[in-house]
Amino acid sequence: SPNKNTLRYILALGLRTLTLQTGEAYRNEIGLTASDMAVLVGSKAIRELFEIEHTKEVTENEKLDFSSESAEDIFDEFIDYDCDISDEKLATVLQNEKHRNLLYAPILTCTIDHLMGATEAIRGGRGLLPNLRLMSSDLVIDEIDDFVGDDLIAISRLIFLVGMLGRKVMLSSATIQPDLALGLFNAYMNGYRLYSKSRNLASNIGCAWIDEYKTTTLNISVGDENQEENRKQYIELHKKFTANKAEKIKKAVVKRRGYIADLPETSENIEFAYFDAIKQNIIDLHDNNSEKDDKTGILTSWGIVRVANITPCADLGKYLMNTDWPSDYQVKVMVYHSQQVLLMRHTQEKYLDKLLNRKDPDTIFKEPIVRKYLAESKAKNMIFIVVSTPVEEIGRDHDFNWAVIEPSSFRSIIQLAGRVRRHRQEKPENENIAVLRYNFKGYKNKNSNIDEKVFVRPGYENISKLNSHDLNAIIDENLIKEGINSIPRIIAPDSLNEKNSLIDLEHYSARLSLGNFINKGPQTPLGWISEAWWLTGFSQILAPFRKGQKSEILYLLPKFPGNENTLFTFCLKDADKYEPYEIVFGITNKEPEINKESIWLDRNYYKLLEEYSENGYVDKSAKRYGFIEVVKYNDNDKFEYSHILGLLRN
């Protein structure tokens, strides 16, 4: 505000699941109230589940009211905001309270998707509300380098608009690449130049670099004639700042050291060989990083196995549950990924968030489920294993003893490593991270002599194909052995060798998307900035934000409510009816053959529905909390569901 006494901004996140926990952290740690900050979440159901867990006891009057369920589409975005808004100056535009909350809340926490309409909308009025909000609100984008390719180009159009409106932008991440920072600065600079010219203002941009060690500032004058000089000034100070940061990182306690884990050269059963190698590394990492339970003397550890894709994640989880372990070892395994019914996933995340917040190192041994397993075990070693997709990499405040990583990119290695000894400062005695020599796709192709890109979805290889997929050839192992940190991401080499280096490929991707200040055209940031493509829809078509994929919302409903042993079926909601969706989805009501003794968190879906129901109406709670959003690549996709393993593509 002109008197500098108030703050108004948007915190834009990449994942919907992060909005609630971020909003809660702001309220608890900074003291913001519900009238200070609006939190935009996916649905009212998600907010309700979150609130229930943060209420010590729910009285009869506080229980959920299902009376208006039929009149409300729970997948409409829900805004958690509590402030009386009486200003009706924009009544013709803001036709409902949700829109008013979005505009008027001093601080708005949401996914960046809700803002992209400001520059992405090419028909209708979907861009009006985000434009109005951005006219009077600064913008913070969290984990900016989680976006790649066309998504970054689309975000550069948004940042150009924010600059053109005279607002400020903050980019947040521990692993921002130089070309990414420079490209987005260039977009903002060109937008702000138009703002200052249109208002006859001095065209100065205050730039700041902030980390836990220091803050560096630079004032840049952005006239028409000196853009190249401005970019040079910016990147020079950026390099100086990151060099200083790198020196601080090198002097810090090394909490995460690893090695590249070898895999069998040949095998008739590729999947078994790959999974068995993971198992052997789990045993080694446990042996070197376990903690003794004082009451039983059992050596115990909690570890994460990061897998790139959902189907191999579930297959590996099933393998680890069913395979034979040495006689003095007992394992408890949990499969964690996004394709799980909301209520089941919520229960899982609530449990892990509480258990693995190890700021008090002894609390984990007192947790009832852990205590029960340890008390009943006759083994000398107990290993708790989470097998997860990249959902574990961002936003989860978990602290593990060790990790096994299937590589997709060096960034994913850094991100996942951040979940090892997260809340403990002591230097570990042994290596605690194993990075597999090949990812699963690369290992299969190696044994079959197929030559194709494997570090994709997720990964950066769609930009340029690597000459090798062997980590020994494309990563300097010292970067893992000496301590995994962000230095290779924040400092780019003088020349890139994107065909032979996984790290260089990531820098090349950022340079290709944002660091080219010569090529123009509708698909480039420079084309949007300096040409007239903003008058058309070509830029949004050729370089869209989050390329659309067809998805459907399914509900997992009990066939015979009132019977705990009932079968379940997935249904698609059509108006007020729930029609069975069994043509495309081959749902099994029987769990796959799994060793029940190896299941870590055995969730009973029916009992959870009862727990979250009103007066025992489990069908109503299933219609409110028993949904899952499923991406379909084609109409013939078939899936299978398991309470333990989630929804899997056949």
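Just so it is clear, the model here is predicted, and its values are computed rather than measured.

**A look at a positive patch on the surface**
- Together, Lys214, Lys240, Lys248 and Lys251 give the surface a local cluster of positive charge.
- Among the secondary structure elements, Lys248 is positioned in helix H8 (residues 227-251).
- The partly exposed category is assigned to Lys248, whose relative accessible area is 37%.

**Side note on the nonpolar core**
- One finds Ile112 and Ile155 to be the most contacted residues of the largest nonpolar core, which totals 58 residues.
- Of the residues forming this core, the biggest block, 10 residues, is contributed by helix H7 (residues 178-198).
- Other than its neighbours up to four places away in sequence, Ile112 contacts Ala12, Leu13, Ile141, Phe147, Ile155, Leu158, Phe545 and Arg546.
- Counting residues in hydrophobic clusters, the runner-up holds 44 residues, among them Ile433, Val454, Phe455 and Ile484.

**Details of the packing of aromatic side chains**
- A complete count under the given rule lists 21 aromatic pairs for this structure.
- Here the aromatic rings of Phe275 and Phe440 are separated by 6.0 Å at their centres, their planes lie at 25°, and the arrangement is stacked. Residue Phe275 is found in helix H9 (residues 270-289), and its partner Phe440 is found in helix H15 (residues 440-448); the two are separated by 165 residues along the sequence.
- The interplanar angle of 90° and the centroid separation of 6.0 Å between the aromatic rings of Trp533 and Phe538 together place this pair among those described as edge-to-face.

**Some details on the pattern of salt bridges**
- Taken as a whole and assessed by the stated rule, the structure comprises 30 salt bridges.
- Among the salt bridges present, the one from Asp145 reaches Arg411, with a minimum N-O distance of 3.1 Å. Taken together, the residues Asp145 in the loop between strand E5 (138-142) and helix H6 (150-164) and Arg411 in helix H14 (residues 410-417) connect sequence positions 266 residues apart. Grouping residues by exposure puts Asp145 and Arg411 together as buried.
- The salt bridge involving Asp451 is made with Lys465; its shortest N-O contact spans 2.8 Å. Placement of Asp451 in the loop between H15 and helix H16 (471-474) and of Lys465 in the loop between H15 and H16 is noted, with a sequence separation of 14 residues between them.
- Overall, the relative accessible area of 63% leaves Asp451 in the exposed class.
- Within the structure, one salt-bridge network assembled from shared partners comprises Glu143, Asp145, Asp146, Arg411, Arg489 and Glu506.

**Comments concerning the packing of H9 against H15**
- Contact pair H9 / H15: the axes reach a minimum separation of 10 Å and the direction vectors enclose 130°. What the angle tells us is that H9 and H15 run oblique. Like other packed secondary-structure pairs, H9 and H15 cross with a definite hand, here right-handed. On H15, the residues that touch Ile270, Glu271, Ala273 and Tyr274 of H9 are Phe440, Tyr443, Lys444 and Asn447.
- Taken together, the residues that form the contact of H9 with H15 break down as 5 nonpolar, 1 polar and 2 charged.

**Quick word on the pairing of strand E7 (residues 204-210)**
- By the alternation rule, side chains of E7 split into Ile205, Cys207 and Trp209, which are all buried, and Asn204, Gly206, Ala208 and Ile210, of which none is buried.
- Where E7 folds back on strand E8 (residues 215-221), the antiparallel hairpin that results is connected by 4 residues.

**As for the packing of helix H3 (residues 97-104) against helix H5 (residues 128-135)**
- Two elements in contact, H3 and H5, have axes whose closest approach is 9 Å; the angle formed by their N-to-C orientations is 30°. Classified by the angle their axes make, H3 and H5 are roughly parallel. Between H3 and H5, the contacting residues are His99, Leu102, Leu103 and Tyr104 on the first element and Leu129, Leu132 and Arg133 on the second.
- Each residue belonging to the contact of H3 with H5 can be placed in one class, and the counts come to 5 nonpolar, 1 polar and 1 charged.

**A closer look at the sheet that holds strand E19 (residues 627-632)**
- Pairing is antiparallel in the open sheet, where 4 strands are placed in the order E18-E17-E16-E19. This sheet does not close on itself; its edge strands, each paired only once, are strand E18 (577-580) and E19. Taking each pair of neighbouring strands and ignoring which way they run, the sheet shows an average axis angle of 45°.
- Relative to E18, strand E17 (residues 568-574) is paired through 4 bridges, and the arrangement is antiparallel. Along E18, the bridge assignment pairs Leu572 with Glu579.
- Each of strand E16 (550-558), E18 and E19 is contacted by helix H23 (residues 618-625), which is oriented at about 165° to E16, the strand it contacts most.

**A closer look at the side chain of Arg489**
- For Arg489, the location among the structural elements is in helix H18 (residues 487-490).
- Reaching out from Arg489, the side chain makes a polar contact with the side chain of Gln177 at a distance of 3.4 Å.
- Sequence-distant contacts of Arg489, defined by excluding residues within four places in its chain, comprise Asp145, Thr175, Ile176, Gln177, Pro178, Arg411, Ile414, Tyr460, Glu506 and His507.

**Observations regarding the confidence of the model for the protein**
- On average, residues of the protein score 88 in pLDDT, and 91% of them are at 70 or above.
- Here residues 56-76 is a poorly scored stretch, pLDDT under 50, and it has 36 contacts once near neighbours within four places are set aside; other chains count.

**Digging into the pairing of strand E13 (residues 381-388)**
- Here E13 lies mainly inside the structure; 8 of its 8 residues are buried.
- Burial along E13 is two-sided: the face carrying Asn381, Ile383, Ile385 and Val387 and the face carrying Met382, Phe384, Val386 and Ser388 are both buried.
- In terms of strand pairing, strand E11 (residues 299-306) meets E13 through 8 bridges, oriented parallel. Note on E13: the bridge partner recorded for Trp302 is Phe384.
- Two elements, strand E12 (residues 329-336) and E13, share 8 bridges in a ladder whose sense is parallel. Among the inter-strand pairings, Tyr336 is bridged to a residue of E13, identified as Ser388.

**Re unusual backbone geometry**
- Going from Arg457 to Pro458, the amide bond is cis rather than trans, its omega being 5°.
- Inspection of the secondary structure puts Pro458 in the loop between H15 and H16.
- In this structure, Arg421 takes a positive phi of about 50° despite not being glycine.
- Mapped onto the secondary structure, Arg421 falls in the loop between H14 and strand E15 (433-436).
- The exposure class assigned to Arg421 is buried, which follows from its relative accessible area of 13%.
- The phi dihedral of Arg546 is positive, around 45°, even though this residue is not glycine.
- Its place among the elements puts Arg546 in the loop between helix H21 (538-542) and E16.

Calculation criteria
- Residues numbered from 1 in each chain as written.
- Predicted model: local features only at pLDDT ≥ 70, side-chain atom pairs only at ≥ 80, totals over all residues.
- Heavy atoms only, no water.
- Patch = residues over 30% accessible without salt bridge, like charges linked within 9 Å, V, L, I, M, F, W, Y side chains within 5 Å.
- Areas by Shrake-Rupley, 256 points an atom, 1.4 Å probe, with all protein chains shown as cover.
- Salt bridge = Lys/Arg side-chain N within 4 Å of Asp/Glu carboxyl O.
- Lys, Arg positive; Asp, Glu negative; His and termini not counted.
- Charge placed at Lys NZ, Arg CZ, Asp CG, Glu CD.
- Helix = DSSP H or I, 4+ residues; strand = E, 2+ residues; numbered from the N terminus.
- Buried < 20%, exposed > 50% of the residue type's maximum accessible area, 1.4 Å probe, protein only.
- Core = buried A, V, L, I, M, F, W, Y, C linked by side-chain atoms within 4.5 Å.
- Contact = heavy atoms within 4.5 Å.
- Phe/Tyr/Trp six-rings, centres within 6.5 Å; stacked < 30°, edge-to-face > 60°.
- Axes fitted to C-alpha atoms, helices over the stretch in contact; angles between N-to-C directions.
- Parallel < 35°, antiparallel > 145°, perpendicular 65-115°, else oblique.
- Left-handed = near helix turned anticlockwise from the far one by under 90°.
- Nonpolar A, V, L, I, M, F, W, Y, C, P; charged D, E, K, R; others polar.
- Pairing = 2+ DSSP bridges.
- Polar contact = N/O pair within 3.5 Å; in protein donor to acceptor, adjacent residues only side chain to side chain.
- pLDDT = per-residue confidence, 0-100.

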